[in-house]
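Summary of structural features
As a plain string of letters, each chain reads:
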Amino acid sequence: MPDPQPLGMPSPDFISHQLREARSESVSLAAKNERLVAALTAARERITELGVQLDAVTLPPVTLGLLTGLPARPQAPEAGSGDAAAERPYEVDVMLGGRPMRLGLHASLEADSLVVGQLVAVSDQMLVVDALSAPDTGEAVTLEEVLPPSISGASRALVTTGGGASRVVHLAGHLDPEALTPGDTLAADPRAGIATALVERTSVEQLVVAETPDVSWNDIGGLGTQIDQIRDALELPFTHPDLYRAYGLRAPKGLLLYGPPGCGKTLIAKAVATSLASSFAPDSSPDGRRTSAAFLNIKGPELLSKFVGETERQIRAIFDQARKVAAEDRPVVIFFDEMEALFRTRGTGVSSDVETMIVPQVLAEIDGVESLRNVVIIGASNREDMIDPAILRPGRLDMKIRIGRPDATSALEILAKHLTAGLPLDPVELAAADGDREAAALSMRRNTIHALYDRGSANEVIEITYASGAQETLHLADLVSGAMLAAVVARAKTSAIKDELSGGSGGMSSQRLLEAVAAEARQNEEITGATGPDDWARLIGRRGEQIRSVRRIGRIGRIGLVDAVPAEESREGL
């Protein structure tokens, strides 16, 4: 029998029950407290979000203006001077809504961080409260020259607007005056009188390379006669201008270099620019330094545009740039490569006659009122028969010089430019020449020329049948070019490098050169690229009787026989 419970004391079961209820109520209150905290947190976040939205709605509007000047801040007043003017806040000049204004600068902005030409935000209280980037849009103007800084130290420039008017504008602070050149296109705010950005005119800049090539006459081999003609025509007017004036002679405006591809036409044009630069006397420039020439390399096919008037605009831009550079007493060479693509004979267009507008435009530039002093035009083409005759008449492209394929003597001279005694030579080749590097190099060059110019049956390439029935067999020698000779030497150099990397002796040798000749004969673009009689006529330089058919003999490199091209499938013969 259990002991009796003392009077007035609750039983243990009752106490345990009460404890369990208290714990359950505590857990419930904790869960409610967590839910309340979550609700309060969400409400706080929502209130913050609404506050941001309210601030955005009630944010006062700002006006954007163009910063045009940074006046100097008055110096701090002396103690007790009471100079109220010096206690004014920093002020800046702003073009606001077409009106020049001087506005105060908000205390949160650092004056030193501001640059002329950038956009600024102006509050309702007419305070500059924020600084933005410079605008990259505006009226397109052409830079004529950079002027000396103004009294305030701001950079200035003389520009030409689209209407042809000249204006003096300030340059934005982020534009480097020394990096700008005449002819650059700038974006300007005409009302503020500030040029704010440099505009890249890629359509013209990709076609024009205004630089002096590093090519001299000594770098060209096998074209001695042609080089003498060019130097007499182009250098004498610059080196002896007094004699030309005394005889009433004018320097030729240009020349045409024509002939098969890969024979040095582009190389000659670059050498002309270098030669003209050296022909100018050192005292022709104000600082006594030798004047540098500008070489404007115009790629004919890339200049063509499907948009009406765009090609003519680019031609005008090219000649404008040439005149501006020439105005600095610098010789300018405008080189039109693949000239037949740009100045095709008018009326020969298949789908359109764009040449009826392009040819008159370039003729107007050559014969125009504005002089082309110090400007020489050089055209290169392997289809001179397709160029409009008006371009080639005297007074325009005065000289026509054919750059033909080199003979054996000229080819030996060209090889001497690429295969020199200073190259690593094969020990066997050097020993055969008794250690004489010059003799070894000469022997390798002669072996290479003999392999290329041998008129034996092994070097037969194509058989030509003319309209009269006469036949002619062409050999590899009839297809040699300066580019092919350079490629042969490059192949031999690569072979020597690979041999040296694999543990061999390396060095240039006659064997490697002969292997390069065979490989180049197989893969030469001229041999594999022609598809019709007129194409072969262009490549080999035949301009006589009409060609009826062409058959590849294909003994070199086992090219294989190709069916003759019927006369009816060929275009009109040359």
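This text follows the structure it describes.
This is a predicted model, so every value here is computed, not measured.

**Observations regarding the overall build of the chain**
Helix and strand counts for the chain come out as 18 helices and 18 strands. Within the chain, contacts between residues separated by at least 24 positions form 64% of all contacts whose residues are at least 6 apart in sequence. In the structure as shown, the chain presents an accessible area of about 31,400 Å², 53% of it carried by carbon and sulfur atoms.

**Observations concerning a nonpolar patch on the surface**
A grouping of L243, Y247 and L249 is seen on the molecular surface, where their side chains present a nonpolar patch of about 380 Å² in accessible area. When you line up the elements, L249 lands in the loop between α5 (241-246) and β11 (254-258).

**Looking at the sheet that holds strand β3 (residues 99-105)**
With mixed pairing, the five strands of this closed barrel are ordered in space as β1-β2-β3-β5-β4. Direction aside, neighbouring strands of the sheet carry axes that sit 55 degrees apart on average. Pairing geometry for strand β1 (residues 63-69) and strand β2 (residues 91-96), over three bridges, is antiparallel. Residue pairing in the sheet places G69 in a bridge with D93 of β2.

**Regarding the pairing of strand β7 (residues 156-160)**
Relative to β7, strand β6 (residues 139-147) runs antiparallel, the two being bridged by five bridges. Bridge pairing in β7 links E145 to L158. Sheet analysis places β7 next to strand β8 (residues 166-171), joined by five bridges and oriented antiparallel. Bridge pairing links R156 to H170 in β8. If you look at the hairpin formed by β7 and β8, you'll find five residues sitting between the two strands, and G164 has a positive phi there, around 95 degrees.

**What about the packing of aromatic side chains?**
Scanning the model with the defined rule gives one aromatic pair in all. Between the aromatic rings of F336 and F343, the centroid separation amounts to 5.2 Å while the plane-to-plane angle is 70 degrees, which identifies the pairing as edge-to-face. Under the relative-accessibility criterion, F336 is labelled buried at 2%.

**Here we look at the sheet that holds strand β9 (residues 185-189)**
In space, the five strands of this closed barrel follow the order β6-β7-β8-β10-β9, with mixed pairing throughout. Going from strand to strand, the sheet's axes swing by 55 degrees on average, the running direction of each strand aside.

**Description of the nonpolar core**
Among the nonpolar cores identified, the biggest contains 33 residues, and L419, L452, Y453, L485 and M508 are the most heavily contacted of them. Mapped by element, the contributors of at least two residues to this core are α12 (408-418), α14 (437-453), β16 (460-466), α15 (482-501), α16 (510-523) and β18 (547-552). Discounting residues that sit within four places of it in the chain, L419 has contacts with A441, M444, R445, V489, M508 and L513.

**Some details on α16**
An α-helical turn contains 3.6 residues, so a residue and the one three or four places further along point in the same direction. The terminal C-alpha atoms of α16, which comprises 14 residues, lie 20 Å apart, in line with the 20 Å expected from a rise of 1.5 Å per residue. If you check which residues of α16 are buried, you get S510, R512, L513, A516, V517, A519, E520 and A521.

**Side note on the packing of α14 against α16**
Look at α14 against α16: their axes get within 9 Å of each other, and the N-to-C directions meet at 25 degrees. Comparing the axis directions of α14 and α16 gives the class roughly parallel. As α14 packs across α16, the resulting crossing turns out to be right-handed. The segment α14 lies against α16, with M444, N447, T448, A451 and L452 engaging S510, L513, L514 and V517. Taken together, the residues that form the contact of α14 with α16 break down as six nonpolar, three polar and no charged.

**A few points about unusual backbone geometry**
If you check the backbone angles, M126 has positive phi at about 60 degrees while not being a glycine. Checked against the element boundaries, M126 lands in the loop between β4 (119-122) and β5 (127-131).

**Here we look at the packing of α15 against α16**
Here α15 crosses α16 at 125 degrees, and the two axes come no closer than 8 Å. As judged from the angle between their axes, α15 and α16 are oblique. Crossing of α15 over α16 shows right-handed handedness. The segment α15 lies against α16, with M484, A487, V488, V489, R491, A492, S495, A496 and D499 engaging R512, L513, A516, V517, A519, E520 and Q523. For the contact of α15 with α16, the residue count by class is 10 nonpolar, two polar and four charged.

**Re α12**
Taken together, the buried positions of α12 are occupied by S410, A411, I414 and L415. Looking down the long axis of α12, one finds its buried residues gathered within 140 degrees of arc, a one-sided arrangement. Buried-residue contacts for α12 involve α14 and α15.

**Quick notes on the environment of V168**
Summarising the element assignment, V168 is placed in strand β8. For V168 and R156, which are 12 residues apart along the polypeptide, the C-alpha to C-alpha distance reads 6.8 Å. Those residues within four positions of V168 in sequence are excluded, and the remaining contacts are L147, R156, A157 and L158.

**Remarks on the pairing of strand β13 (residues 332-337)**
Of all six residues that make up β13, five are buried, and the element is covered over most of its length. With six bridges connecting them, strand β12 (residues 294-299) and β13 associate as parallel partners. Following the sheet pairing, I298 is matched in β13 by F336. With five bridges joining them, β13 and strand β14 (residues 375-381) adopt parallel strand pairing. Residue pairing across strands places F335 opposite I378, the latter belonging to β14.

**A closer look at the pattern of salt bridges**
A complete count under the given rule lists nine salt bridges for this structure. Of the charged contacts, one joins D478 and R455 as a salt bridge, the two residues approaching to 3.1 Å between their closest N and O atoms. Taken together, the positions of D478 in the loop between β17 (471-475) and α15 and R455 in the loop between α14 and β16 put the pair 23 residues apart, joining distant regions of the chain. Residues joined by salt bridges that share partners form a network here, namely D320, R323 and E365.

**Quick look at the environment of G506**
Checked against the element boundaries, G506 lands in the loop between α15 and α16. Each residue touching G506, except ones within four places of it in the same chain, is listed here: D426, P427, A496, D499, E500 and R512.

**So, the side chain of R405**
Position of R405 among the secondary structure elements: in the loop between β15 (399-402) and α12. A polar contact is formed between the side chain of R405 and the backbone oxygen of D478, at a distance of 3.3 Å. A polar atom in the side chain of R405 sits 3.3 Å from the backbone oxygen of V480.

Definitions and limits used
Residues take numbers from 1 onward in each chain, read along the sequence in its written order. Under the rules for a predicted model, residues below a pLDDT of 70 receive no local features and side-chain atom pairs below 80 are neither given nor counted, while totals for whole chains, interfaces and linings still include all residues. Computation of side-chain values: all heavy atoms of the structure, hydrogens and water removed. In DSSP terms, a helix is any run of H or I states spanning at least four residues, a strand is any run of E spanning at least two, and both are numbered starting from the N terminus. Only heavy atoms enter the contact rule, under which two residues are in contact if any of them lie within 4.5 Å. Only the protein chains shown count as covering a residue, and every accessible area follows the Shrake-Rupley method with a 1.4 Å probe. Nonpolar side chains (Val, Leu, Ile, Met, Phe, Trp, Tyr) are joined into patches within 5 Å and like charges within 9 Å, using only residues with over 30% relative accessible area and no salt bridge. Every case where a carboxyl oxygen of Asp or Glu lies within 4 Å of a side-chain nitrogen of Lys or Arg is listed as a salt bridge. Between any two strands, pairing holds if DSSP finds at least two bridges. Each axis is a line fitted through C-alpha atoms, taken for helices only over the stretch in contact, and angles between the N-to-C directions span 0 to 180 degrees. Classification of ring pairs rests on two measures: the distance between centres of Phe, Tyr or Trp rings, Trp counted by its six-membered ring, which must be within 6.5 Å, and the angle between planes, read as stacked under 30 degrees, edge-to-face over 60 and tilted in between. Only protein chains enter the accessibility calculation, which uses a 1.4 Å probe; a residue is then buried when its area is under 20% of its type maximum, exposed when over 50%, and partly exposed in between. What makes a nonpolar core is a set of buried Ala, Val, Leu, Ile, Met, Phe, Trp, Tyr and Cys residues whose side-chain atoms join them at distances within 4.5 Å. Expected helix span is given by 1.5 Å per residue-to-residue step, counting one fewer step than there are residues. For classification, angles of less than 35 degrees are called roughly parallel, those exceeding 145 degrees roughly antiparallel, those between 65 and 115 degrees roughly perpendicular, and all remaining angles oblique. Crossing handedness is defined as follows: a turn of the near helix away from the far one that is anticlockwise and smaller than a right angle gives a left-handed crossing, while the clockwise case is right-handed. Three classes are used: nonpolar for Ala, Val, Leu, Ile, Met, Phe, Trp, Tyr, Cys and Pro, charged for Asp, Glu, Lys and Arg, and polar for all others, with Gly counted as polar. In this context, the arc is that of the directions from the helix axis out to the C-beta atoms. What qualifies as a polar contact is a pair of N or O atoms within 3.5 Å, subject to a donor-acceptor requirement within protein and to the restriction that residues adjacent in sequence count only when both atoms come from side chains.

Function-wise, these values are silent; they only describe arrangement.
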